[in-house]
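Overview (structure and organization)
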Amino acid sequence: MSGAARGPIGRRQMWVVAAAVLAVVLVAGGLTLWLRTRGDGTPSAVSSSAAPSSSAPSSAPTPATSPATPTTRTTTSAAPTPPPSTARPTPAPVPFPPALRGRDVTVLPTGSRVVALTFDAGSDAAGLPSILRTLAAQGVHATFFLTGRWAATHPGSVAAIRAAGHPIGNHTVTHPHLPALSDAAVRDEVLGAQRAILAAGADPRPLFRFPFGDRDARTIADVNALGYVAVRWTVDSLGWEGTSGGQSVQKVADRVVSALRPGQIVLMHVGANPDDHTTLDADALPQVITRMRAAGFGFTTLDALLAPG
């Protein structure tokens, strides 16, 4: 009997122990929850530094850097588009005297003992450094006629000519025989060169030279309509023929000086002869300037054509 009496008592003790353990677990859980929320619903330092759930990607952006936040939207819309009025306008062409229309000028209209040195550039720039050094050393300015291809190929040379203060003119894009082209093609050659020279940082308007000196009344009218005055030359140095064409530095200088007259326009070239690679015009230039000055002549540029009166 004593054993039967102890059985129920043991079961009651077991239930009491189990209830006590459950109470301890519930109390401990509640205390932990209170510690994590500090009792006011605000996350504590422990919960804010806890590692993210393994189910969330580690690269997920935080709210501070999310592209959906108002701060980011404000930043991307903060820079307004500049108004059209801030765009730099294309400079207006320099007008030329109406009396020069229909002409391919061969001499400056002056009785003064002055000469205009001009250089065409359409092939390479081999003689340019020497030419610019000579002009700077002698205090002389010249006018340079550039093709569009030359300007696009030698933008640094265009900048050097412009920086030295020399006027620049238009010599077409590709140096063709213009009378063989249609009016539309002539326009493309002239305006194409203009765009290329402007892109290189200079403005060729309103001076134009026909390639090969090849022109007629129609093509002169075409370039006039585009805002250009056509300028030929009084004397061609023939330095472009090179030693392979029978020329020399002395022959070039003699030819130019022998044609001296008031308002003379001298044609020379920047590039080297393609066969012998000589730069006779560049090499003869110091002698040409010295001999002209000894003869009592000074120097001007083709901008003199644009002076009123």
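Preceding this paragraph is the structure being described.
Definitions and limits used
Residues numbered from 1 in each chain as written. Predicted model: local features only at pLDDT ≥ 70, side-chain atom pairs only at ≥ 80, totals over all residues. Heavy atoms only, no water. Salt bridge = Lys/Arg side-chain N within 4 Å of Asp/Glu carboxyl O. Helix = DSSP H or I, 4+ residues; strand = E, 2+ residues; numbered from the N terminus. Buried < 20%, exposed > 50% of the residue type's maximum accessible area, 1.4 Å probe, protein only. Phe/Tyr/Trp six-rings, centres within 6.5 Å; stacked < 30°, edge-to-face > 60°. Lys NZ or Arg CZ within 6 Å of the ring centre and 35° of its normal. Pairing = 2+ DSSP bridges. Right-handed = clockwise from strand over helix to strand, strands pointing away.

1. Some thoughts on the pattern of salt bridges
Taken as a whole and judged by the stated rule, the model has seven salt bridges. Residue Asp-104 is joined to Arg-215 by a salt bridge in which the shortest nitrogen-to-oxygen separation is 2.7 Å. Of the two residues, Asp-104 sits in strand E1 (residues 104-105) while Arg-215 sits in the loop between strand E5 (207-208) and helix H8 (217-225), which places them 111 residues apart along the sequence. Of the residues examined, Asp-104 reaches a relative accessible area of 12% and is grouped as buried.

2. A closer look at the packing of aromatic side chains
Tallying each qualifying case throughout the model produces three aromatic pairs. Feature note: the residues Phe-208, Phe-210 and Tyr-228 constitute an aromatic cluster, connected by ring pairs. Seen from the ring of Trp-233, Arg-232 lies directly overhead, with NZ or CZ sitting 4.8 Å from the centre.

3. Some details on the pairing of strand E2 (residues 114-121)
Along a regular strand, successive side chains alternate from one face of the sheet to the other. Counting buried positions along E2 gives seven out of eight residues, so the element sits mostly inside the fold. Inspection of the sheet shows E2 paired to strand E9 (residues 298-300) by three bridges, in the parallel sense. Looking across to E9, one finds that Ala-116 is bridged to Thr-300. Here E2 runs beside strand E8 (residues 264-269); their pairing, made up of six bridges, is parallel. Of the residues in E8, the one forming a bridge with Asp-120 is His-269. As defined by bridge partners, E2 adjoins strand E3 (residues 143-146) across four bridges and the pair is classed as parallel. Its bridge partner being in E3, Ala-121 is matched across the sheet by Leu-146. For the crossover from E2 across helix H4 (residues 128-138) to E3, the handedness is right-handed.

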